[in-house]
Amino acid sequence: MTHATVAALADLVGGRLVGDGERRIIGLGDLRTAGPDRIGFVRNAHYQALAATTRAGAVLANVELTTAASQIVVADVDLAYAKVAQLFHPGPRAVEHVVHPTAVVDPAAELEAPVAIGPHAVVGRSRIGAGTVVMAGVAIGDDVTIGRDCVFFPNVVVYGSVRIGARVIVHANAVLGSDGFGYAREGHTWVKVPQLGSVVLEDDVEIGASTAVDRGTLGPTRIGARTKIDNLCHVAHNCTIGADTAMAAGCMIAGSSSIGDRCVVAGQVGISGHLKIDDDVKLGGGSVVLKDVAGPGEYMGHPLLEKRQFLRLLRKWREMVERPETQAGD
Amino acid sequence: MTHATVAALADLVGGRLVGDGERRIIGLGDLRTAGPDRIGFVRNAHYQALAATTRAGAVLANVELTTAASQIVVADVDLAYAKVAQLFHPGPRAVEHVVHPTAVVDPAAELEAPVAIGPHAVVGRSRIGAGTVVMAGVAIGDDVTIGRDCVFFPNVVVYGSVRIGARVIVHANAVLGSDGFGYAREGHTWVKVPQLGSVVLEDDVEIGASTAVDRGTLGPTRIGARTKIDNLCHVAHNCTIGADTAMAAGCMIAGSSSIGDRCVVAGQVGISGHLKIDDDVKLGGGSVVLKDVAGPGEYMGHPLLEKRQFLRLLRKWREMVERPETQAGD
Amino acid sequence: MTHATVAALADLVGGRLVGDGERRIIGLGDLRTAGPDRIGFVRNAHYQALAATTRAGAVLANVELTTAASQIVVADVDLAYAKVAQLFHPGPRAVEHVVHPTAVVDPAAELEAPVAIGPHAVVGRSRIGAGTVVMAGVAIGDDVTIGRDCVFFPNVVVYGSVRIGARVIVHANAVLGSDGFGYAREGHTWVKVPQLGSVVLEDDVEIGASTAVDRGTLGPTRIGARTKIDNLCHVAHNCTIGADTAMAAGCMIAGSSSIGDRCVVAGQVGISGHLKIDDDVKLGGGSVVLKDVAGPGEYMGHPLLEKRQFLRLLRKWREMVERPETQAGD
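What you are looking at is a predicted structure, and each value in this text was computed from that prediction instead of being measured. (Residues numbered from 1 in each chain as written. Chains lettered and ligands numbered in written order. Predicted model: local features only at pLDDT ≥ 70, side-chain atom pairs only at ≥ 80, totals over all residues. Heavy atoms only, no water.)

Bringing the relation of the copies chain B and chain A into the picture now. With an axial shift of 0.0 Å and an RMSD of 0.0 Å, the rotation relating chain B to chain A amounts to 120 degrees. Between the two chains, the operation in question is that of a three-fold axis. Taken together, the interface assignments show that only 19% of the residues at the interface of chain B recur at the interface of chain A, consistent with different surfaces on the two copies. (Least-squares fit on C-alpha atoms with pLDDT ≥ 70 in both. Contact = heavy atoms within 4.5 Å.)

Laid out in structure tokens, this is it:
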């Protein structure tokens, strides 16, 4: 079982220790119920009173509180909480080399021990780095490269020739490397254009459940380092998504578009094909993007406008229809 | 084979029997082609003429018809049809205890016989109630509790610690309990917040194909009793959906939002995070919800308005652009 | 290894041969790097200069170029490229009869040799035509009919009684034949209407990753020949989609609607239930369709308007809000 002194936790989160640093903490706890081997947290002033009566051994907060608990004072409680929670609840990671007897692994696959391959998983002539966990029912094609310490939740499918960095997390039923939606026309008929490219996921990417990332037509579809994509998103062929970007659920990115670094794309955004979204762009929920977005800023809506303007347009629309009918003249 | 007298069927649906109640019915049929051991139905006046010439043994209708068939007269034909159809076409249910030899079931799993576990299914240290059917390729993690008479269609994934009531139906490739999309920021980098909560599906919930319900950050994401969710929906971490609600395909519900009881959410609705939708709210297709919705009623659109108002706004928008260009002055 | 003379390739694509037709080509190549046994292509004038210096053996272009390579001149380079690429990169096809030892195939299944059944696939009492490839983890129910030369990528689920034509491609994690979202009301409670119909996919259909096509209530949900559907789409019960139609990712088609032949539906379109979209209709990305669409043409938006009009409406909306606040009087 993981345990740490309060002083070590203060170090981990870069916080200021107040009180006894030697207390031994074995996990997170709720300030109302936790005992002396637990650390709780106070996210906002509303909960500060709890600190006075808690029996928890330590508390994370952004101000010094009146409490018998040891304190770790930090600027950003959410960030500090995330780090402490990761310590006590690390994600899955292979520490012993285990290939479940029901897994079907190509004899030419290169598994860098320790790797954990779950029941009924299928691994082609591919390479998997140490520490990686491949859960039940995952299907990995040929010529795939997977880095260290990745996690593939059950029933993920990775088509052939996909490149995946280190510490990538792929949630259940996501699909990486499916054919891009590319056809030529012959009269009224669609003629399939073979999709010969690949998908590249750089280090520390996380992909949500049932999200699909299509392979490129000739080159790669690329998702940059540390970018996080939520559930049920679609990234079409030949797209490039930068680093440190976050995309919420239900976004559909059409072919050959690019999204910059450090963008935040809210849920259900649609982006047409062959567009360029600059770095540091925030797109509000449900936006429909039909043109390039140049320059950092917050944008929203359909038509896509600066957020402030679109909120104003929403108000104007409401006014158009909320006036009494006789005055509106309709 | 299931069979029932017309009188028993009338009882089942709470209908009024007209004619011979002793006829033996073995299934549904089309009034045009069915023989005397079948029951047909007449949904609207348009089809009443069929009743005069049918050879079917019985007919469900909301008015008394001129027919040689036995009749069951009910107020709501759709409801009565559903009940009769359920009798003759019940869903899958385990009646013998069968664990397929290729299934991988943790020795510590508790299966309350009879349970049916299909080929290549994987079941962790979890509990499954009697009557439940787990089809091919389903992966169920550890510490999951599943009630009686549930059905999991192929390749569903249930992460650890999910709680599922009785008579829950989960369609193929749905995912329950995937990590919520939660990150803290450290400079430009996203730091994963471990998702330590759970998912609770109460009794009689139905979840559509490829729908994803994320686990809560600390507490549960909860879906109330008898609520039905269609395909390709996303329910984010910490959401609460009430009882008897229906949500059509492609809806994306962001984190920590709540939807009340008896709501009807049409397709492709997006709901921002941390919102409260009251009981008895109907949201029209494609609505984008950015604020709380207080009070029962029908709402629609972006901006979200009362349905009547949004339809008026749609008309005004059409007028704005359908006028000849010269009069519009643009 | 596939190889062909330039003359044979010119024949394949119906192009005009310029130069040596006897050169032997073994694959595609980039004009910058390819050697004499490769064929490159020039999609637009921008790249014509490459032709002068290439070492590739042949080049596809829509004009005659100054080059030492053999040339194939065609009207539509994209179409010709697709055909040549298909020749050198054909999709998966069973040429030997192989049932993986871990697959679970019902003894009553009829497999028309050669068929390839992958690891952990499950096939019920169903019929599968020659040449068809069923990859890892695919689950096919009972009474399913599948034609020749189909491909099912990993973890696809096909419910019972689905009918699939020849040369159909189904990408990973797609679901065919899940229950339609049909309920009757009893007070506030939803009573499930058993979904007794089927799904019919005609010849040469392609279905994207994680797309779901629900079975009909009594009859089929039907997708016409040569129609292509992208990732993460939903086709509800009782829908009919015509032939030669293409539908991009994230579209949600509600129950009993029909879409004609030769339609192009862009991404994230929503179509309400019981609507009729005529043949040869194009719907722009993110459109919300609440009424029938009569007559061929391009439509877009919410409200759905002729594309030209909706783009005008988008401009008007922008104007409404981009005027200085003082003049706008708000």
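Once that is clear, we can look at the pattern of salt bridges. Applying the stated criterion across every chain yields a total of 60 salt bridges over all chains. Between Arg-167 of chain A and Asp-204 of chain A there is a salt bridge, with the nearest N and O atoms lying 2.8 Å from each other. Of this pair, Arg-167 of chain A sits in the loop between β19 (163–164) and β20 (169–170) while Asp-204 of chain A sits in the loop between β24 (198–201) and β25 (206–207); the two residues are 37 residues apart in sequence, bridging distant segments of the chain. Among the ionic pairs, Lys-192 of chain B bridges to Glu-206 of chain A, the shortest N-O distance being 2.7 Å. (Salt bridge = Lys/Arg side-chain N within 4 Å of Asp/Glu carboxyl O. Helix = DSSP H or I, 4+ residues; strand = E, 2+ residues; numbered from the N terminus.)

This part is about empty space enclosed by the protein. A complete count under the given rule lists six cavities of 30 Å³ or more for this structure. Of all elements in the fold, only α4 (307–322) of chain A together with α4 (307–322) of chain C reach the threshold of two or more residues within the lining of the largest cavity. Space inside the second largest cavity adds up to approximately 140 Å³. Contributing to the lining of the second largest cavity are 22 residues, with Gly-137 of chain A, His-120, Gly-137 and Asn-155 of chain B together with Gly-137 of chain C lying nearest its centre. Tallied by class, residues from the lining of the second largest cavity come to 13 nonpolar, nine polar and no charged. (1 Å grid on protein atoms, 1.4 Å probe; cavity = no way out; pocket = protein on both sides within 12 Å on 5 of 7 lines; lining within 4 Å. Points joined across faces, edges and corners; volume = space filled by probe spheres on them. Nonpolar A, V, L, I, M, F, W, Y, C, P; charged D, E, K, R; others polar.)

A few words now on the interface of chain B and chain A. Counting residues at the interface gives 54 residues for chain B and 55 residues for chain A. For the pair chain B and chain A, the summed buried surface comes to about 4400 Å²; carbon and sulfur atoms form 63% of the total. Of all residues in chain B, the largest losses of buried area upon contact with chain A belong to Phe-181, Trp-190 and Arg-312 of chain B, amounting jointly to 15% of the total for that side. Where chain B touches chain A, the interface holds two salt bridges. Linking Glu-186 of chain B and Lys-83 of chain A is a salt bridge whose minimum nitrogen-to-oxygen distance equals 2.6 Å. (Buried area = accessible area lost by both parts, 1.4 Å probe.)

Before going further, it helps to spend a moment on unusual backbone geometry. Geometrically, the link from His-302 of chain A to Pro-303 of chain A is a cis peptide bond, its omega value of 15 degrees lying close to zero. Summarising the element assignment, Pro-303 of chain A is placed in the loop between β39 (297–300) and β40 (305–306). Here the residue pair Ala-113 of chain B and Pro-114 of chain B is connected by a cis peptide bond, since its omega of 0 degrees sits within 30 degrees of zero. Mapping Pro-114 of chain B onto the fold places it in the loop between β10 (110–111) and β11 (116–117).

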